[in-house]
Structures are given as C-alpha cells and as structure tokens.
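Below, each chain spelled out in residue letters.
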Amino acid sequence: MRDFFCTINLDQEEVFRTQVVEKSSSPYFGEEFYFEIPRTFQWLSFYIYDKSVLQKDLRIGKVAIKKEDLCNYTGKENWFMLQPVDSNSEVQGKVHLELKLNELITDNGSVCQQLVVHIKECHGLPLINGQNCDPYATVSLVGPSRNDQKKTKVKKKTSNPQFNETFYFEVTRSSSYTKKSQFQVEEEDIEKLEVRYLLQPRENGNKSSKTDDLGSLRLNICYTEDCVLPSEYYVSLRNLLLKSSDVQPISASAAYILCEVCRDKYDAVLPLVRLLLHHHKLVPFVAAVAELDLKDTQEANTVFRGNSLATRCVDEMMKIVGKHYLKVTLKAVIDEICESPKPCEIDPIKLREGDNAEINMENLRYYVDKVFREIVRSSISCPTLMCDVFYSLRHLAAKRFPNDPHVQYSAVSSFVFLRFFAVAVVSPHTFHLRPHHPDAQTSRTLTLISKAIQTLGSWGSLTKSKLSSFKETFMCEFFKTFQEDKFTESVKKFLDDVSSTESKEPSGLSEPVHLKEGEMYKRAQGRTRIGKKNFKKRWFCLTSREFTYHKQQDKEPIFTIPIKNILAVEKLDESSFNKKNMFQVLHGEKPLYIQANNCVEASEWIEALCRVTRCNQKRLNFYHPSAFLNGSWLCCKATVENTVGCARCTADVPADTQIEIDGDRETERIYSLFTINMSKLQKLEEACGSIAVYQGPRKEPDDYSNFTIEDSVATFHTLKQIIDIVEKLNESHEKYQKKRSSSAKYGSEENPIVGKVS
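Residues numbered from 1 in each chain as written. Predicted model: local features only at pLDDT ≥ 70, side-chain atom pairs only at ≥ 80, totals over all residues. Heavy atoms only, no water.

Take the overall build of the protein next. The number of helices and strands found in the protein is 17 helices and 27 strands. For the protein, buried positions account for 48% of its 758 residues. If you take every contact in the protein between residues at least 6 apart in sequence, the share linking residues at least 24 apart comes to 67%. Total accessible area on the protein stands at roughly 40500 Å², and carbon and sulfur atoms take up 48% of it. (Helix = DSSP H or I, 4+ residues; strand = E, 2+ residues; numbered from the N terminus. Buried < 20%, exposed > 50% of the residue type's maximum accessible area, 1.4 Å probe, protein only. Contact = heavy atoms within 4.5 Å. Areas by Shrake-Rupley, 256 points an atom, 1.4 Å probe, with all protein chains shown as cover.)

This paragraph deals with the sheet that holds strand β21 (residues 582-586). Across the sheet, which stays open at both edges, the 7 strands sit in the order β19-β18-β17-β16-β22-β21-β20 with antiparallel pairing between neighbours. Here the strands that pair on one side only, and so sit at the sheet edges, are β19 (559-562) and β20 (568-571). When the angles between neighbouring strand axes are averaged without regard to direction, this sheet yields 30°. Pairing analysis gives 4 bridges linking strand β17 (residues 535-543) to strand β18 (residues 546-550), with the strands arranged antiparallel. Across the sheet, Trp 539 pairs through a bridge with His 550, a residue of β18. Packed onto the sheet, helix α14 (residues 599-612) meets β16 (514-523), β17, β18, β20 and β21 and runs at close to 120° relative to β16. (Pairing = 2+ DSSP bridges. Axes fitted to C-alpha atoms, helices over the stretch in contact; angles between N-to-C directions.)

Turning our attention to the nonpolar core. Membership of the largest hydrophobic core comes to 117 residues, with the highest contact counts inside it found for Leu 330 and Phe 494. It is helix α9 (residues 407-426) that contributes the most residues to this core, 12 residues altogether. Membership of the second largest hydrophobic core comes to 26 residues, among which are Phe 35, Phe 41, Ile 48 and Phe 80. (Core = buried A, V, L, I, M, F, W, Y, C linked by side-chain atoms within 4.5 Å.)

As a further point, take the sheet that holds strand β9 (residues 111-123). Read across the sheet, 3 strands follow the order β8-β9-β12 without closing on themselves; strand pairing throughout is antiparallel. Edge strands, defined here as strands with exactly one partner in the open sheet, are β8 (94-105) and β12 (162-170). Adjacent strand axes in the sheet meet at a mean angle of 15° when their direction is disregarded. Pairing geometry for β9 and β12, over 7 bridges, is antiparallel. Residue pairing in the sheet places Val 116 in a bridge with Tyr 168 of β12.

Mapped onto the secondary structure, Thr 311 falls in helix α5 (residues 309-321). What Thr 311 contacts, discounting residues up to four positions off in sequence, is Asp 293, Phe 304, Gly 306, Phe 415 and Arg 419.

Inspection of the sheet shows strand β10 (residues 138-143) paired to strand β11 (residues 146-151) by 6 bridges, in the antiparallel sense. Bridge pairing in β11 places Leu 141 opposite Asp 148. Turn length for the β10-β11 hairpin, with the two strands adjacent in sequence and antiparallel, is 2 residues.

Turning our eyes to something else, we now look at empty space enclosed by the protein. Throughout the structure, instances matching the rule amount to 3 cavities of 30 Å³ or more. Here the largest cavity is characterised by a volume of approximately 40 Å³. Around the largest cavity sit Ser 251, Tyr 256, Ile 257, Glu 260, Leu 684, Phe 707, Thr 708 and Thr 715, which together line it. Element by element, the count of residues in the lining of the largest cavity is highest for helix α2 (residues 254-261), at 3 residues. Each residue belonging to the lining of the largest cavity can be placed in one class, and the counts come to 4 nonpolar, 3 polar and 1 charged. (1 Å grid on protein atoms, 1.4 Å probe; cavity = no way out; pocket = protein on both sides within 12 Å on 5 of 7 lines; lining within 4 Å. Points joined across faces, edges and corners; volume = space filled by probe spheres on them. Nonpolar A, V, L, I, M, F, W, Y, C, P; charged D, E, K, R; others polar.)

Tallied over the full model, the rule gives 22 aromatic pairs. When the ring of Tyr 366 is compared with that of Tyr 367, the centres are 5.6 Å apart and the planes differ by 50°; the resulting orientation is tilted. On the basis of relative accessible area, Tyr 367 is assigned to the buried category, the value being 1%. Seen in terms of ring centroids, Phe 540 and Tyr 549 are 5.5 Å apart; in terms of plane orientation they differ by 55°. Their pairing is tilted. The class of Phe 540 is buried, set by a relative accessible area of 0%. Among the aromatic side chains, those forming a connected cluster through ring pairs are Tyr 325, Phe 417, Phe 420, Phe 421 and Phe 494. Taking the ring centre of Phe 169 as reference, the NZ or CZ of Lys 150 above it sits at 5.2 Å. Seen from the ring of Tyr 366, Lys 342 lies directly overhead, with NZ or CZ sitting 4.4 Å from the centre. (Phe/Tyr/Trp six-rings, centres within 6.5 Å; stacked < 30°, edge-to-face > 60°. Lys NZ or Arg CZ within 6 Å of the ring centre and 35° of its normal.)

Moving on to the environment of Gln 595. Positionally, Gln 595 belongs in strand β22 (residues 592-595). Classification of Gln 595 by relative accessible area gives buried; the value is 7%. Along the primary structure Gln 595 and Gln 584 are separated by 11 residues, whereas in three dimensions their C-alpha atoms are 8.8 Å apart. Separated by 3.2 Å, the side chain of Gln 595 and the backbone oxygen of Lys 580 make a polar contact. (Polar contact = N/O pair within 3.5 Å; in protein donor to acceptor, adjacent residues only side chain to side chain.)

This paragraph deals with helix α4 (residues 282-295). Compared with the 20 Å implied by 1.5 Å per residue over 14 residues, the 20 Å span of α4 between its first and last C-alpha is a close match. With 10 of 14 residues buried, α4 is to be regarded as a mostly interior element. For α4, the complete set of buried residues consists of Leu 282, Phe 285, Val 286, Ala 287, Ala 288, Val 289, Ala 290, Leu 292, Asp 293 and Leu 294. Lining the buried residues of α4 we find α2, α3 (265-278), α5 and α8 (384-400). (Expected span 1.5 Å × (residues − 1).)

Structure (structure tokens):
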C-alpha cells in the first residue's frame, strides 16, 4: 500500500500532475485535464510515481503513446500496461546531419574513400528535472572488424545545441596500407559499415524489467489535430452555420444537423457553441433548440432536466462564459473549505468512532449557509450573456406551461444551480477553483454541500412533500432546519435578477476580476552581490487591474504592474538565458523576464496577459525577441537598450477579454466532423428525398429513424449545401497540403497546425 500520483508529459516535459492517492495499490485518480498543445511533440506520456517524504519520488512505470498513434485511442477508455523507466529509454529530439562520401587520391596515385560526417545541431532534447542538459554527440562507424567513435564538445545548458563539427572516417584502404594498419577493411566491406547517430534507446538498455509486474493504467484520451486554412476558405460553411437560428424549422439547420449526425454530441457542441459565441449568434440558436426541446416535455417539473442539444449548449456556454463569475463568487469559500476543513459527515453509516453527528451537522450547515449566501448575492456579477440565455429559457418555459407559476423559475434554476454552481462545488479543480482534486474527506464534504445547494436552488424543494422524497433519511433531517421563507425568497429574487435583461447597476468600486495565479520563476530586477542576476521563484497573480508577484501565496505583492501600463507580452528566445518556456512582460521599466514551469503553462499565461491588455492604447508594434545582455541585444546586436524592437509584435490579439475563440479553428473542426460523418449525411439526404416523394406509412425502421426530420424539403436543401461545401473544402485542403509540403514549414503561421488533448 503506497502513495501514488500520476504526471502527464509532452515528451519528457511535465505539464500536469494529479493529486496523491494515499495508501493504495489500485489508486483511482478520477481527474480531467484539458489543454491546448502549444508546440510540436513526439510522445504523450504518463508516469506513475510512488510519493516519498524523505527521498526522491520513485518512478514506478510509464505509458508512452506516439503522436501518430493517438488517433487509435481517442474517445474511448483503454487499459495500458506500464512500461519500465530507465535512462536509456528516455530518448527524444532530432539531430541535423550532413553525410558525404569523398574520393581522395593519395600521393602515390591510389584512390581512397573518406566518409565526412557534419553534425550541425540537435533540437528538442529532453529536460533533466525540468532544466536544460549539457549535451554532446558521439558518432560511431561500426563494421565487422571496426568500431570507430568520435565525440563533439559539450554544450552547456541547452536542449537545442549548435555543434557545427565535422568528423572524417577512412572507409576503404589505399594500396599503401598494410594488414597491420588499423584499417582492416576491404573495399567491398563499405556496404557492411553502419553510421550510428540516431536519437534512440541504446541496445544495452535495461531489459530485465518485467512489464507485467508493474501494473496498468486506465486512460480516456481525446486528441484532435486540425490544419486550419486561411479564413476565406471557410466563408461558405461559416455563413451556413451562423444563419441556423433563422432556419424554419430549426431541425433543418446546419447546426442542428451537425449535432444529429455526430455519435457523441459533445464533439459537435463544443466547436459549435464557441463559433456561435464568437459571432454573437448563440442566444437565438439556444432559444430555437430549447423551444423544440419543450415541445417534447410533458411535465412542467421536468423542464430541461434531460441531456438534450439545448441543455448541452447551455452547459458549454456557462463553462466558457462563467469561469470568472465562478471565481469571484465561490473561490474564497471553496479555499476555506479545502484549506481549513471541518468534519461534516452526517450519514450515520459513515460516521467514524469519536465523531459527533450534531457538531458535524452544524459544520455542514455553516458551509452550506456561506456558499448559498455567496451565490444568491452574486447576481450583479452574472455575465450578460448568461442572463440573456436565462431570460429566453424562462419565457419559453412559461409559454409552454402557462398554468404553472413556478416553471419560469425551475427552468433557470435547473441550469444555474444544478448544472453550474452545484457542479463547480463538487469538482472545484475542473473549474480552476482549486489546483488539484481535493482529498477524500474534503470531497465528501463538497458532495454534501453540492447536494444541499441543488435542493435549495430547486424551486419548491423545501416543501414537506419534497423533503419526504429524499432517499437518505439523514438529508431529510438536515433540510428540516432550512424550512424558512427567507431561503425561498432569496432564491426567487436571485433567479429574477439573473434572468432579467435589464442592466444592473455596478457598485461604486467594483472588485477586480481574478484571472490567473500560480508559481513561476522571474529574473531578478537588481543584481546580486557578485554582480550576477539570478532567477527566483515567486507567486504571480493576474487580475483585471494589475499583474503582481509575491514571495509566497497570500502575501503582500512585492512588485506590481498596472494592466494599463503593459505594452506587450511576448515569448523570449531560449538562447537569452538557456532556459525554456520563457516570456517577457514589457512595461514602462525594464522588461520582466519570467520562466513558466512547462510549455502549456507558458502559453496560458501569455494568452491571459494578452487578452486583458488588448485595449491598452500604447501597445507596442515591435519588440526584441531576445534579451539585452553585455551591452547589446542578442537578437539584432543593437547596442542602445531603449532602441525600437527588431521583430513585429504578435498580431490578432483576441477581441474579447473573457472569451478567447479562434473562429476559423472552430469552423475547421466542424468541417472535420462533417467529413467524418459524410456517409450519414448522404443517407440522411437520400431519406429526405424519399420522404418528399413517398408520403405513405413507414413499414420498417430506417437508418434515419433516430433523426429529427420535421420538414424533409428544408432538411434536404440544407444537407445538399453542407455536402457541396465539404467537398469543396476537401479540394482546398488537398491543394493546400501539396503547397505546404513543398514550401511551408511545419506549424508555420501560414498554415498553423493546432492540437489539443483532454
């Protein structure tokens, strides 16, 4: 029984790690990570560690999946056997070589052949404990009777060493050589010679480990990679999707058809919601699909309780738009619960020896009261877009069930309480309210609080008839203490506020919105006693007002940059300090140089800083991609420190501070989904044609029997447009790929290739 945790690595760079599961031989982590991949990579790896208090954590085993193989495992759970970890198997990177075979004429006129090996550089070598290594290269010429090896100079602290060294090997003997010469190679033996230089495991690696002794790891991986074309290629598909809310009936629209043909609706909902959000078309589309959903709802007390297209769209919208709303509402109280936990177990079966049920109930009541109070007074912070959606849902539900006075409230509470706040309370790490999954006891406390919030938020749940329906008697007893009119009235007022389209008056001095925080390294602004600047670990915090760093979390800031003073945020070349994952914040004083812990974290910080500074009037157009060291800029060699930058600043900053969306990328994803499901589109098109011609009864279930076809003519028309557009985009992709393969570099700005993993 040991303490385990798991890390997620891009190649050998750790980007995430799970909580520690204590005293287990079969740990269940149950954590989800979703991230954009900001660079090229070769392997997605998972390492299982045995946590040690006094010594270095022990790596038990690993699962390594090649980038090319990820598509074989995406979208489904798989068990992977853990493989042994040894230094010889931890290999990654690329080497740039030039090989030549020269013919030389010796002094006596005989011909001798010479192999020339030019080692230019390596790229993407592994980090050692998160830091660059001190690499060198060896080249071996191996044959039946020889093994010649040559070695380059060592390059300090880099994962992209520039060697630029040339080595020479004699590969045939001249007539002047004797059998006693060190070159015992006949001319025909050149075919048997092998130059060894590849970055791959050594043959004498550790082969003794038994993989079946290490256990296995269950993973559910979803990996997508898209080749995004220039924006003009997507005009037709984008316009067809954006006019979906105007199509009558809505089931004949391109957006609705997309969700119908995809096996997993989530695959379609995510890019669709983001695209509609980006172009301000989400609210009318949600209203249209919600109205269709309500047509099939027979009981008022079950409105929006299913897993329909409407509920999924609203769920995804709340996740995207409501991130900051959750933070300003719940983060402080969730931090209190997780960092200073009180026992809250009230289930008699789960009480441990010595537990006091009455005290536990008081503790739980204290937490529930605090969470409930923060929620019902948070309407002022609810994003306008969420309010607009709730307003539509509320009035549609009231129209569908005009004789039920409560349905207008339950239509909203089913989302904002049951699917938003209650879910965030039970899984705070998923919504970035906490860095890691809470421990078992805290998770149980959060589950009880979440159940309470669901009940308090459900309109009319505190009536005696509702309480008697509880499965757990202990929860029924707990809620008897809540039967007060003030709770019902508080919920009613809150739901009225968040489903109103009237503008809410902000308070005089609104609190800054907390955007991101975490530990990173910053280069010292001053000098040490020996005159050398160093890097120090600091806690960084970004709000809508300022960017600060602190010696420790929750301490007063020791350096503050007002957001309005930030002129640019850009990556910093690795060559500046021989460190990876660095970026720079340019402001009125000297640049602030920061090193993130991994590439994903660096990308997220740059994006967050760019979003919040997008409207700064004095943003720079040019910057220096390297540092100013020893009297000159490393990038352009200029000797004046305040000279204008030599590279253009990153363009196309996202237009919305809270919602960062690439419309072309989302459209490309939708195109990919249509392509994957082309056979379904064609069958559906045939079915619509058949229905339009033959109006008689259907005798047998058809392939399209699970699809909603309200108007076969309108649906047929939309399907034809989709198929035509997809076929044209197929041609464009083929042409563009040919052009890219001949001229463009992998992942260049001309043709960005973007990937993401969840």
